[in-house]
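# Descriptive structure summary
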Amino acid sequence: MPTQEAVCSKEQAVIKCDSVYKIFGDNAKKMLQSSQGNVDAKTFQDAGCIVGVNNASFEVYEGELLVVMGLSGSGKSTLLRCISRLSDATSGSVFIDGQDIMAMNNKQLIELRRNKMGMVFQSFALLPHKTVLENIAFPLQVKGVSTQDSIKKAMEMVELVSLGGRENYFPRQLSGGQQQRVGIARSLAVEPDIWFLDEPFSALDPLIRKEMQDEFLRLQSVLNKTILFITHDFDEALRLADRIAIMKDGVIEQLDTPANIILNPATDYVHKFTEEVPREKVLRIESVMDPVDKTEEISDLVVSKDAIIETVAEAVLSQQKAVSVIDENGEVVGALHCSHVINVLFGSSAQKAN
Amino acid sequence: MNYSSKQPKVIQFAFLLVVFFTLYFLIGPADSNFFWRLPPLIKELPLLINNAANYLMFEWMPIDVYDPEIEEYEQRALVKQITRAISGALLFSIEFIREILLGGVKTIVTFSSWDFVSENKWARWPALPWTVVAGGAILLGYKLQGKGLAFLAAFATSYIAIFGQWEPSMETLSFVLIAAPISVILGLALGVWAFKSRRVDTTLQPLLNVAQTMPHYSYLVPVMVFFGVGDHAGAIATVIFATPPMVRLTLLGLKKVSPEVVEAGMMSGCSNYQLLFKVVIPTARHDILIGVNQVIMQCLAMAVIASFIGAKGLGFNLLLALNQLRIGQALELGICITLIAVVLDKLSLAWANKQTDYFSDLSFFERHKYSLLFLAVFVAGTLLAYIGTFFFKEGFNYFYIIPHNKGITTENFWQAGVDWIWDTFFFSLKAFNVFLITKVLMPMKAAYLGMPVIATFVLVMGTAFILGRLRSALIVGGFLLFIALTEWWDRALITAYMATFGVIVSSIIGITVGTLCSQNKFSSKAILLVCDTFQTFPSFIYLIPVIMLFGVTDTSVLIAVIVYATIPATRYTVEGLRSVPPELHDAGSMSGVNRFQRWVSIELPLAFPHMMLGINQTVVFALFMVIIGAMIGTDDLGQFILKALSDKNGIGNGLTLGLCVAFIGLAVDQILRTWANERKKALGLN
């Protein structure tokens, strides 16, 4: 059964962070040792240290899309750089497929990056002296793949990100969205298992951003990578994520599914993000349905548990009785009551009025 | 409003001037008065340098060396041995390229002996016919960029051939083809090293500052002492001079590479080597290529100066022509140098930017098209040269190597032109010359020389203090003190007077022209293009036309200084004014300013820091030209440096005098740069 498999793969985390700290400053290590794991940003700042990441522990499972959300200076990019070891964590350990990357030497690290990791950058970070094709072939070429093979593979990637016909352009001749497509193609050229995206769409215009998000979801549905996605845009996080980690001042405030974050914000800080979110546009039926009650009368209407509430609200509210909810195999997994839907649609404003 | 609290610097400066003039008129010339002139306490410095250099060269660390001539070991100093090895290697490389281009026996001699060569008449390396070299250059230009560059190469090679300058041009080329790559590689290596290590960076910066402000001549003496005289010595002097800008620009480019690009390289799995050569350096290529351009320009500018210590080629001939006042020939040679510089620069640029086509499925002939074409050119050229032997007499085969100075020459035309100018405008030119010298230059020189040393210190250090606080004042004071304690203070004052005159006139012209041209996009572009073109001329070229008009006088030097130093003043003014954001123009227009008000109250203040950097460059350029002007007779520091060249113990004098010139430049640099930076900070520019 598919659910069983999911549980199996969940047991083996692809990325695992174990109390990772990153502190900038000359005597960061000493300060951290003397604080005995109790890091207070203010005392550190007085001592001339800046806390980037404060005790981050979490796991990312195979095929999962974890979004790390936080405002600028929250340490989200720093966390990503600790995981990819672009910078060394001050303390704690990071495991990729069970291997401790903090213990790796330079050679092993290069090997890991050449085969398992791909990364997309906010400012695209394309090599200005290479064409689209050469940029995409670059990770293959540094690996030692022959020019002919790497160009062939790069050409496939060009098609994948729909840039066909522009392969001989230089980055400066492309628009922002097109440049980021090249960045995405480059990061996927070596067919990595793990995909890091550092605010990939932040530098783009809203319309292009939407288009790129759709493109990204399409790619992920084909490729099914393990993804760590960084963003400062809460809506983007909701749209894309399997799970969201919300960071503030280096601390992960809450790590949960989008629905749980909206329904049960763990801290005031998280609440500030969730209160303005139109829930009906984000929540799925699954998160507001009740368990099946055999005694209850059920209407003829059937909705999928993965449907967004807004898309079915009108139909559900026109029913007198509860609506049955089915999963992807067509089995009934729950019942949906109008009152819950009304609560989602108008609940927050009703609360405010009181 | 209280004016003094609003403009404290103006009040301070006025006060400073009052003190300066009081001192100026109070203290009269008297040799015993230390306020008038400081005693030359470091008079012995040149001697010390001489002794140190001699000790290093001939006595320090003796090692046993096997001498094959006398078949015995003998003792030689380590440094001498090393410099000999370097000289040998360089000389061999230069000769090798030279003999490919011009033919000869020296390469064969290196592997055999003079006896072998004189016994075997056939043992002579044949030259490439000039047609082959020209064809090769055209093909290379076409391959790297296309028709434009091919045409330029064709023009340059045929110009050189037609004017009968083939031999000296190839001599210069062989020298540049060795010196330029060494400078580029050395500069790149040092730049990367400084980028990797902070400590190297901080040690290198002051050295680069001094190296870039030292006059060309003062390198020549130490090079001569350590490496002897000849093409190799010229190459070494050139390398020393051309490397600093390369280091600077490499470092600048590397520092500008965005950290995300480096991270992208790392995440692509680059090893350290790949990261450096495939990601970081190519990304910084824009600035690095400007560095390469600078190196090529410096190499050709040095071609003339290097001929003082035995480099053959165009430079030597140009020097000769200038000394004989053969203006037409000097002009033709100058154009040769400029053409070689431009072609080499464009070729290197095109090479760095060339693109690969991955998809074309080419046949053998298509893939090796250019090699095959070159082969064809080679065969055709050789055949032509062979046929030429039937037509022309020995040594005058125009299809093989154009004999020197046996081409067309326009010398008579130019000489006639000069004569005509002299005949027609003699009195007005002379009147202008006399007026300038007696009414402006002589009084100004006298005023500078009549300045008590204490007054100079007060003025310069005071200005530095007002504009950059105590730190600046102390640094500038240090530079000045060094010069004041040598025995050349008076000479330094003369250099300063000539430079000041040049800078003032250049700044006025540059700022006016720059302001006018920056009014619209088209004229800005045009003037920047003119600046670019003028900057490609090696500095010596500027002396040719002014000698034509004004003969060998101070006026000539000053006009050359003004022409040369106006370039940066104009360029930086245009750049500064054009970089004022258009929103501010709009904001100004909406506040109802007219054009002039906009210039005074919006554009000028915002462009000011950048313009200050331009004036800074103007000072450096002016100093250079003043020193080069020593060639045509001045009585400042430059003349003494030139004299040091012919002195066996000149190394100490040459270096100390060079430092004096460098320190004048650095003092001005310190004052202007801190001022510009402070203004930048105040305006929130970066």
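Quick notes on the rules
- Residues numbered from 1 in each chain as written.
- Chains lettered and ligands numbered in written order.
- Predicted model: local features only at pLDDT ≥ 70, side-chain atom pairs only at ≥ 80, totals over all residues.
- Helix = DSSP H or I, 4+ residues; strand = E, 2+ residues; numbered from the N terminus.
- Rg over C-alpha atoms; globule rule 2.2 N^0.38 Å.
- Contact = placed C-beta atoms within 7 Å.
- Buried ≥ 20, exposed ≤ 12 C-beta atoms within 10 Å, placed from the backbone.
- Pairing = 2+ DSSP bridges.
- Axes fitted to C-alpha atoms, helices over the stretch in contact; angles between N-to-C directions.
- Parallel < 35°, antiparallel > 145°, perpendicular 65-115°, else oblique.
- Left-handed = near helix turned anticlockwise from the far one by under 90°.
- Nonpolar A, V, L, I, M, F, W, Y, C, P; charged D, E, K, R; others polar.
- Domains from an automatic or database assignment.
- Core = buried A, V, L, I, M, F, W, Y, C linked by C-beta atoms within 7 Å.
- Expected span 1.5 Å × (residues − 1).
- Bend = angle between axes of the 7 residues up to and from the residue.
- pLDDT = per-residue confidence, 0-100.

### A closer look at the overall build of chain A
Secondary structure summary: chain A contains 15 helices and 13 strands in total. Computed over C-alpha atoms, the radius of gyration of chain A comes to 23 Å, within 12% of the 20 Å expected from 2.2 N^0.38 for 354 residues, which places it in the range of a compact globule. Sequence separation of at least 24 residues holds for 66% of the intrachain contacts in chain A that already meet a minimum separation of 6.

### Observations regarding the overall build of chain B
Within chain B one finds 29 helices and two strands. Computed over the C-alpha atoms, the radius of gyration of chain B is 28 Å, within 12% of the 26 Å expected from 2.2 N^0.38 for a compact globule of 686 residues. Evaluated residue by residue, chain B yields a buried proportion of 42% over its 686 residues. Long-range pairs, those at least 24 residues apart, make up 76% of the contacts in chain B between residues at least 6 apart in sequence.

### Describing the pairing of strand β2 (residues 72–77) of chain B
Residues and elements named next belong to chain B. Counting buried residues in β2 gives zero out of six residues, a small share hidden from the surface. In this structure, strand β1 (residues 62–67) lies alongside β2, joined through six bridges in antiparallel fashion. Note that in β2 the partner of Asp-67 across the bridge is Glu-72.

### A few points about the packing of helix α4 (residues 78–102) of chain B against helix α9 (residues 166–196) of chain B
What describes two packed helices is the angle between their axes and the distance between those same axes. Residues and elements named next belong to chain B. With their axes 9 Å apart at the nearest point, α4 and α9 run at an angle of 140° to one another. Classed by the angle they form, the pair α4 and α9 counts as oblique. Crossing angle aside, the handedness with which α4 passes α9 is right-handed. Residues Leu-90, Ser-93, Ile-94, Ile-97, Arg-98, Leu-101 and Leu-102 of α4 lie in contact with α9, whose contacting residues are Glu-167, Met-170, Glu-171, Leu-173, Ser-174, Phe-175, Leu-177 and Ile-178. Counted by class, the contact of α4 with α9 contains ten nonpolar, two polar and three charged residues.

### A word on the domain arrangement of chain A
All names here are of chain A. Domain parsing of chain A yields domain 1 (61–280) and domain 2 (281–353). When each unit is reduced to the centre of its C-alpha atoms, the spacing between domain 1 and domain 2 is 34 Å. In this assembly, ten residues from domain 1 lie in contact with eleven residues from domain 2. Counting only elements with at least two residues in the side of domain 1 that touches domain 2, the list comes to α11 (258–263) and α13 (279–282). It is α11 that provides the largest number of residues to the side of domain 1 that touches domain 2, a total of four residues.

### A look at the interface of chain B and chain A
Taken together, the contacts link 18 residues of chain B with 19 residues of chain A. Among the elements of the structure, α13 (259–267) and α14 (272–283) of chain B are those that each provide at least two residues to the side of chain B that touches chain A. Considering each element in turn, the side of chain B that touches chain A owes the most residues, six residues, to α13(B). For the side of chain B that touches chain A, the per-class residue count stands at eight nonpolar, six polar and four charged.

### Points about the sheet that holds strand β13 (residues 332–336) of chain A
Residue and element names in this part refer to chain A. Pairing is mixed in the open sheet, where three strands are placed in the order β11-β12-β13. Both outer strands of the open sheet, β11 (298–304) and β13, are each paired with one neighbouring strand and no more. Neighbouring strand axes in the sheet, compared pairwise and without regard to direction, differ in orientation by 35° on average. Where β11 lies against strand β12 (residues 322–326), four bridges are found, and the strand directions are parallel. Bridged to Val-302 within β12 is Ser-324. Here helix α14 (residues 309–317) sits on the sheet in contact with β11, β12 and β13, set at roughly 175° to β11.

### Some remarks on the sheet that holds strand β10 (residues 251–256) of chain A
Neighbouring strands of a sheet are bound in pairs by backbone hydrogen bonds; such pairs are parallel or else antiparallel. Residue and element names in this part refer to chain A. Here six strands make up an open sheet; going across it, the order is β6-β7-β8-β3-β9-β10 and the pairing mixed. Of all the strands in the sheet, just β6 (117–120) and β10 have a single pairing partner and so form its edges. Each neighbouring strand pair of the sheet contributes to a mean axis angle of 15°, computed without reference to strand direction. Across five bridges, the pairing between strand β7 (residues 194–198) and strand β8 (residues 226–231) is parallel.

### A word on the domain arrangement of chain B
Residue and element names in this part refer to chain B. The assigned domain composition of chain B is domain 1 (7–49 + 427–683), domain 2 (77–119) and domain 3 (166–320). Centre-to-centre separation of domain 2 and domain 3, based on C-alpha positions: 24 Å. Taken together, the contact between domain 2 and domain 3 spans ten residues of the former and 16 residues of the latter.

### Digging into the nonpolar core
Core analysis: the largest hydrophobic core is formed by 285 residues, its most contacted members being A:Ile136, B:Ala237 and B:Val561. Sorting elements by how many residues they give to this core places helix α29 (residues 650–683) of chain B first, with 16 residues. Setting aside residues up to four positions removed in sequence, A:Ile136 forms contacts with A:Ala154, A:Met157, A:Val158, A:Val182, A:Ala185, A:Arg186 and A:Ala189.

### Observations concerning the environment of A:Gln179
Along the polypeptide, A:Gln179 turns up in helix α8 (residues 176–188). Contacts of A:Gln179, omitting those with residues within four sequence positions, involve A:Phe124, A:Leu126, A:Pro171 and A:Leu174.

### Concerning the packing of helix α22 (residues 489–517) of chain B against helix α25 (residues 554–578) of chain B
All names here are of chain B. With their axes 7 Å apart at the nearest point, α22 and α25 run at an angle of 40° to one another. In terms of orientation, α22 and α25 fall into the oblique class. Classified by chirality, the crossing of α25 by α22 is right-handed. Taken together, the residues that form the contact of α22 with α25 break down as 16 nonpolar, nine polar and no charged.

### Focus: α9(B)
A turn of α-helix holds 3.6 residues, and therefore any two residues three or four places apart point the same way. Taking 1.5 Å per residue as the helical rise, α9(B) with its 31 residues ought to reach 45 Å, and the 44 Å between its terminal C-alpha atoms agrees with that figure. Of all 31 residues in α9(B), 23 are buried; the element is thus mostly enclosed.

### What to know about α25(B)
Residues and elements named next belong to chain B. Its 25 residues give α25 an end-to-end C-alpha distance of 36 Å, which sits within 8% of 36 Å, the value for a rise of 1.5 Å per residue. The sharpest bend along α25 measures roughly 30° and falls at Thr-566, with the proline Pro-568 sitting one to four residues further on. Within α25, 22 of the 25 residues are buried, which leaves it mostly tucked inside the rest of the structure.

### Thoughts on the confidence of the model for chain A
All names here are of chain A. Of the residues in chain A, 94% have a pLDDT of 70 or more, and the chain-wide mean is 84. At the low end of the mean pLDDT range in chain A sits helix α1 (residues 2–11), at 44; at the high end sits strand β3 (residues 65–69), at 93. Confidence drops under a pLDDT of 50 for residues 349–354, and excluding neighbours within four residues, the segment shows zero contacts in the predicted structure.

### Quick word on the environment of B:Val280
Residues and elements named next belong to chain B. Looking at where Val-280 falls in the secondary structure, it is placed in helix α14. In this structure Val-280 comes out as buried when scored by C-beta crowding, with 20 C-beta atoms within 10 Å. Here the alpha-carbon distance between Val-280 and Val-379, two residues 99 residues apart in the chain, equals 43 Å. Ignoring anything within four residues of it in the chain, the contact list for Val-280 reads Leu-254, Val-257, Val-262 and Leu-275.

### Observations concerning unusual backbone geometry
Outside of glycine, negative phi angles account for most residues, and trans bonds account for most peptide bonds. Residue and element names in this part refer to chain A. For Arg-85, which is not a glycine, the phi torsion comes out positive at approximately 55°. Along the chain, the position of Arg-85 falls in the loop between α4 (76–83) and β4 (91–96). Assessed through the 19 C-beta atoms surrounding it within 10 Å, Arg-85 is described here as partly exposed. Phi at Ser-162 takes a positive value of approximately 50°, unusual for a residue other than glycine.

### Some thoughts on the environment of A:Val161
Counting through the fold element by element, A:Val161 comes out in the loop between α7 (147–160) and α8. Put simply, A:Val161 and A:Glu331 are 170 residues apart on the chain and 37 Å apart in space, counted from C-alpha to C-alpha.

### Thoughts on the confidence of the model for chain B
All names here are of chain B. With 96% of its residues at a pLDDT of at least 70, chain B reaches an overall mean of 83. No element of chain B has a lower mean pLDDT than helix α1 (residues 3–6), which averages 62, and none a higher one than α9, which averages 91. In the model output, the complex is listed with pTM 0.80 alongside ipTM 0.80.

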